Amino acid sequence: MESEKKKFYALIWLGSQKPNAEQEKQLNGTDVIKHILYFEEDDSDNCLKCLQLISNENVLLIVTDTASNRIVVDEKCLAQIHDMHHIKCIYTDTKYSNRHLSQRFPKVRYILNQNIYHHIEADVHAHAQITEPFVFDTFDERSSLGMNGDFMYSQMLLDSFIQLAGVSKFFDDYSSFDKSKNEFLKTCREIYIMEPSKLTEIAEFEVTYTLDEALSWYTRDSFVYKLLNKALRTNDIRLILIFRFFIIDLHRQLYDNSDKLLVESNDNDHSLFVYRGQLMSKQELNGLRKSLGNIISMKSFLSTSLNKQLALMYLGENDDRNELSLNRVLFEIDIDEQNCSTFERPFANITEFSYFGEVEQEVLFMAGSCFHVVEIRRGEKGIWYVRLGIRNQFDSFLRSKWDSLYDCMKTNFIDSMLLPPHIGNILFQSGKFDEAQSYYKQLIRHLDELVYEPEEIDEKEIYQSTSYSENKKSGVLGFIKDLIVNRNESNYFEHNKTYYKFICYYALGRITNEKGLFDQSIIYYNAVLNQSLPSYLTHEQPKNSTTHVLRALCRLGLGVTYERNGMFQRAFTSYTKAMEMFEQAHDGLIDCAVQQSYLTYIQKAQCLIGLGNLRLIEQQHERARLYYKKALSLFDKYLPAGHPNQSLTRQKIANIIQIYECKPAFALQDYEDCLENYLRALPSDHIDIARVYTDMARTYEQMPNELKSALEYAKKARDIFTICLPKEHTDNVTICMIIARIERKM
C-alpha cells in the first residue's frame, strides 16, 4: 500500500507558561508536528513577524498567560492573525468577554493548558479528514440507468457482513476479532513495517481491543482509521474482508446507540442538522454537482459534527493566490429525528465513545449510508454549501423499481441453500474471483476445525419450517421426521459440516472455471459428485432436497467447464443429466427454509443455454436460437427485469444476428441494450461487461468507417480482462488478437 500523505504543521508557542516535559515529549513525538518555536510573552512583536514570514507553513498558534491580552483580547490584533490563511488554529487559555466573538473567530479554541496536546491531536485529525477524497456512488432515480452495479454490490457486501454476524457456527467465517486476529495483525504489520509508531499502535490494539472499543479506536488518528477508510474508498476487497470484524463491531455500536437522540432540536418539526467541512478538487466538486437531485452512497464511514462553526473553522480561509486550490465545501445533512432509528445504515452521536471526547461533537454515519442531494450553492467567502437529506438504500419509488433486482442478485441460488446471503457468492458475482477463491478456501479450513458441541433445538420450529409442503411422494414425510429426530445428534452435525464443504467445492468449481483453470474446476465438481454425505437418515433423500439440487448444479458446472475446454460430448452429457435432475426437483426444496420452486427452473434455463452453445459450435444456429429463446422465456418469467441472465441470453441471440445473419447494425442495438442492463446490475469492471464490449468491437469492425469505435471498445474490454483474468486466459488472448487486427486495418 502506498504511504500516507502527511500534512506537517509548525507549532508556534507564545507565552511564559511552557509545556511540561511529558507534553513536550508528546508534541515532539507526533507524526505531524514538524517543529516548535517558542516566544516569551513580552516578545509578541517578533512572534507576529515570524507568523508573517512563514506563510508557506501550516501553523498552529498557542497563546498563554498575559500574552493573550495582546493577541486574543485585542480584537483588532486577533482579526489580523485570524485572517492569515496559513494559521489553522489558535489555542488560548483566555475566554472571550464578548460571546459573539467565538462565531466571528472560529479558529480560536479555548483550552486548559493541560489539554493542549489532546486538542491539537483532535484538530490535526479533523484537518486530515477534510482533505481525504470524498468518494461516493450515484443512484439516478430519474434515469433508466439509475441503478448501477457499483452501487448495488458495495451495498450487498456490507449487508452480508452485518447479516453474518452472530449466525450459525458454520458461518463464523472470521467475523470476530478472535478468529481473524492473526491475519489482521500480520497484514497491518506488513503494511507499516517501516513506521515504528504505527507498529506500537498495532501492538496496543492486539492487547487491548474489545468489540466495545471499536468507536474509540476508529476516532483515533491511528492505523485503524487510515487503513479502513482507504480500503473502503478504493474498494480494496482484500483489506475490507480482513477488516470485516471491525466493520461489524462499528455497526453494532452505531446501531445500539442510534435510538439515543442526538440533541434536542431548536424547532418544532423535529429536524436536525449535522455538518461536515470538506476540501474538494474541482473534479470532485463537479462530480457532486452532477449528482444534484440524485442519491449518493458513501463508500466509507462519514464523520460529521453537531457544531457548524467547528466545521467551518476546519475549512479555513480561501487561498486566492492559488488557482488550483481546493474548493471549500460545507455539507449540511438534514436528519429527521423521529425516524432516525429506522434507517438501514445506522448513525449516532458518538461523543461519549470518541477518543477525543467533547472536542469534535461527532456524529458518525455507517459506511454505505445514502443521501439525497437536495441543494448545491456557492455562498459567502467562496464556500460551497451542499444540503443532503438522509435516505434508506431503497425507499418509496426506489424500492418498487429496483428492490426485487437487488434482492434477487443478493440471494442467488446458492444462498437459498446456505442462508444468510453469503460473502463468497457476492464476491463471485461481482467478478472478484481471486478474493472469492481465497474466501471459500478459508471457509473450508474453518469447517475442518469445527468440533461437535451439543445444543438444544426447537422441534416445533422445525415442524413449522417444513409443514408448508404437501408433497405426497414416497419418503418425504419420513425424511422430515428424520430431520427432527436426529437434529441433535453428532452425525447430523457431521452431515451439515460436510454439506457446507460441498457447497464450497461447488463454488470453487465455478470460480476456477471462470479463471480458465479447467482441470481444477473438474476436480472440485467431482469432489461433490463422487463423495457421499455422512449418513444419518433412515429414509432416502427426495429428489427435491438441497443435496440432490447441489449435485445437479455440479453437473451443470461440469457441462460449462467441458464446453469451454473443447470436450463437447462430455459437455452434452453433463447438460442433459443436469436438466433431468432439475426437472425432478421442480416441486421446490423440501429441506430449505427458502421455499422457492422457481430456482430450479432458472438452472434449467442455464442448461438450455449450454445446449444452445453446443448447437452453435456445430453451426446449427437456428437450433441454437431455439434453445436460447426457451431459456430467455424462463428467465423473463422467473427473474426480475434487468437481471444479467436475461442480458446474457439476449447477447447470445445477438451473436447469431451479427455472425450468421450478417446484420451488424441490428446486433449492435441489442448489444447496447445488454450493456445498459449489465451496467445497472454488475460492477463496471465485471468480465461480462468486458465480453459485451468485445462483441461490440467485433460488430463495429464489420461496419464501414467504424474502426475507431471498434478499437475503443476492444481496449475497454482488454482493460477489464487484464485486471480480472490470468494473462493466458482465452479472453485475454482473443482480445489482444482483435486489437492487433483492428490496428492493422486502420
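The following paragraphs examine the structure supplied in this document. (Residues numbered from 1 in each chain as written. Predicted model: local features only at pLDDT ≥ 70, side-chain atom pairs only at ≥ 80, totals over all residues. Heavy atoms only, no water.)

1. A word on unusual backbone geometry
Although it is not a glycine, Cys662 sits at a positive phi angle of roughly 55°. Tracing the backbone through its elements, the reader meets Cys662 in the loop between helix 28 (644-659) and helix 29 (664-681). In this structure, Asn705 is a non-glycine residue whose phi angle is positive, near 60°. (Helix = DSSP H or I, 4+ residues; strand = E, 2+ residues; numbered from the N terminus.)

2. Side note on empty space enclosed by the protein
The final tally for this structure, using the stated rule, is 5 cavities of 30 Å³ or more. In this model, the largest cavity occupies a volume close to 160 Å³. Around the largest cavity, the lining comprises 14 residues; the ones closest to its centre are Gln129, Ser303, Thr304, Ser305 and Tyr314. Elements that contribute at least two residues to the lining of the largest cavity include exactly helix 6 (116-130), strand 7 (271-280), strand 9 (302-305) and helix 15 (308-315). Class assignment for the residues of the lining of the largest cavity results in 6 nonpolar, 5 polar and 3 charged. (1 Å grid on protein atoms, 1.4 Å probe; cavity = no way out; pocket = protein on both sides within 12 Å on 5 of 7 lines; lining within 4 Å. Points joined across faces, edges and corners; volume = space filled by probe spheres on them. Nonpolar A, V, L, I, M, F, W, Y, C, P; charged D, E, K, R; others polar.)

3. Description of helix 23 (residues 518-529)
Between its first and last C-alpha, helix 23 extends 16 Å over 12 residues, near the 16 Å set by a 1.5 Å rise per residue. In this structure, the buried residues of helix 23 make contact with helix 19 (433-449), helix 22 (490-514) and helix 24 (546-564). (Expected span 1.5 Å × (residues − 1). Contact = heavy atoms within 4.5 Å.)

4. Topic: the sheet that holds strand 1 (residues 9-14)
Taken together, the 5 strands give an open sheet; going across it, the order is 2-1-3-4-5, and neighbouring strands pair in parallel fashion. Both outer strands of the open sheet, strand 2 (33-39) and strand 5 (108-110), are each paired with one neighbouring strand and no more. With direction set aside, neighbouring strand axes in the sheet form an average angle of 20°. Across 3 bridges, strand 4 (residues 87-92) lies against strand 5 in parallel orientation. Following the sheet pairing, Ile90 is matched in strand 5 by Val108. Helix 4 (residues 75-82) rests against strand 3 (59-63), strand 4 and strand 5 of the sheet, and its axis sits at about 145° to strand 4. (Pairing = 2+ DSSP bridges. Axes fitted to C-alpha atoms, helices over the stretch in contact; angles between N-to-C directions.)

5. Here's the deal with the environment of Val72
Tracing the backbone through its elements, the reader meets Val72 in the loop between helix 3 (67-71) and helix 4. Classification of Val72 by relative accessible area gives buried; the value is 3%. A C-alpha to C-alpha distance of 7.6 Å links Val72 and Thr94, two positions 22 residues apart in sequence. (Buried < 20%, exposed > 50% of the residue type's maximum accessible area, 1.4 Å probe, protein only.)

6. Describing the packing of helix 27 (residues 621-638) against helix 28
Between helix 27 and helix 28, the shortest axis-to-axis distance is 9 Å and the interhelical angle comes to 160°. When the interaxial angle is binned, helix 27 and helix 28 end up roughly antiparallel. Pair helix 27 / helix 28 crosses with left-handed handedness. Judged by residue contacts, His621, Ala624, Arg625, Tyr628, Lys629, Ala631, Leu632, Phe635 and Asp636 of helix 27 engage Asn645, Gln646, Thr649, Arg650, Lys652, Ile653, Ile656 and Ile657 from helix 28. (Parallel < 35°, antiparallel > 145°, perpendicular 65-115°, else oblique. Left-handed = near helix turned anticlockwise from the far one by under 90°.)

7. Observations concerning helix 30 (residues 687-702)
The terminal C-alpha atoms of helix 30 lie 23 Å apart, and with 16 residues this matches the ideal 22 Å at 1.5 Å per residue to within 8%. For helix 30, the tally of buried residues reaches 13 of 16 residues, placing the bulk of the element in the interior.

8. Description of the pattern of salt bridges
The final tally for this structure, using the stated rule, is 26 salt bridges. Notably, a salt bridge pairs Asp688 with Arg691, separated by 3.6 Å at the nearest N-O pair. With Asp688 and Arg691 both in helix 30, this residue pair falls 3 residues apart, about one helical turn. Note on Arg691: relative accessible area 18%, which makes it buried. Between Arg718 and Asp719 there is a salt bridge, and its shortest N-O distance comes to 3.7 Å. Ionic contacts of the salt-bridge type, sharing partners, join the residues Glu514, Arg564, Asp688, Arg691 and Asp731 into one network. (Salt bridge = Lys/Arg side-chain N within 4 Å of Asp/Glu carboxyl O.)

9. With respect to the pairing of strand 4
Counted residue by residue, strand 4 has 6 buried out of 6 residues, so it is predominantly covered. Bridge count for strand 3 against strand 4 is 5 bridges, and the pairing is parallel. What sits directly across from Val59, in strand 4, is Ile87.

10. Notes on the packing of aromatic side chains
Counted under the stated rule, the structure contains 29 aromatic pairs. With a centroid separation of 6.4 Å and 55° between ring planes, the pair formed by Phe205 and Phe246 is classed as tilted. Taken together, the residues Phe205 in helix 9 (residues 196-208) and Phe246 in helix 13 (residues 244-257) connect sequence positions 41 residues apart. Phe246 carries the same exposure label as Phe205, and that label is buried. Aromatic ring contacts, followed pair by pair, group Phe184, Phe205, Tyr209, Trp217, Phe223, Phe243, Phe245 and Phe246 into a single cluster. Sitting over the face of the ring of Trp217, Arg220 holds its NZ or CZ atom 4.3 Å from the ring centroid. One residue, Lys663, lies across the ring of Phe666, its end atom 5.9 Å from the ring centre. (Phe/Tyr/Trp six-rings, centres within 6.5 Å; stacked < 30°, edge-to-face > 60°. Lys NZ or Arg CZ within 6 Å of the ring centre and 35° of its normal.)

11. Description of the nonpolar core
The biggest cluster of nonpolar side chains holds 140 residues, and the ones touching the most others in it are Phe184, Phe205, Phe223, Leu228, Phe246 and Phe301. No other element matches helix 22, which puts 11 residues into this core. In this structure, Phe246 is in contact with Phe205, Tyr209, Ala214, Trp217, Tyr218, Val224 and Leu228, ignoring residues within four places of it in sequence. (Core = buried A, V, L, I, M, F, W, Y, C linked by side-chain atoms within 4.5 Å.)

12. Section: the pairing of strand 10 (residues 327-336)
Buried residues dominate strand 10, accounting for 8 of its 10 residues. By the bridge criterion, 6 bridges tie strand 10 to strand 14 (residues 384-391) in an arrangement that is parallel. Bridging across to strand 14, Phe331 finds its partner in Val386.

13. Focus: the packing of helix 25 (residues 568-584) against helix 26 (residues 598-617)
Packed helix pairs are characterised by how far apart their axes lie and by the angle those axes make with each other. For the pair helix 25 and helix 26, interaxial distance at closest approach is 9 Å and the crossing angle is 155°. When the interaxial angle is binned, helix 25 and helix 26 end up roughly antiparallel. Helix-helix and strand crossings are classified by hand; for helix 25 and helix 26 the assignment is left-handed. Along its contact with helix 25, which presents Phe568, Ala571, Phe572, Tyr575, Thr576, Ala578, Met579, Phe582 and Glu583, the element helix 26 presents Thr600, Gln603, Lys604, Cys607, Leu608, Gly610, Leu611, Leu614, Arg615 and Ile617. Taken together, the residues of the contact of helix 25 with helix 26 break down into 12 nonpolar, 4 polar and 3 charged.

14. As for the environment of Lys715
Along the chain, the position of Lys715 falls in helix 31 (residues 707-724). In this structure, the C-alpha to C-alpha distance between Lys715 and Ala690, residues 25 residues apart in sequence, is 9.4 Å. The residues touching Lys715, leaving out its near neighbours within four places in the chain, are Ile739 and Glu743.

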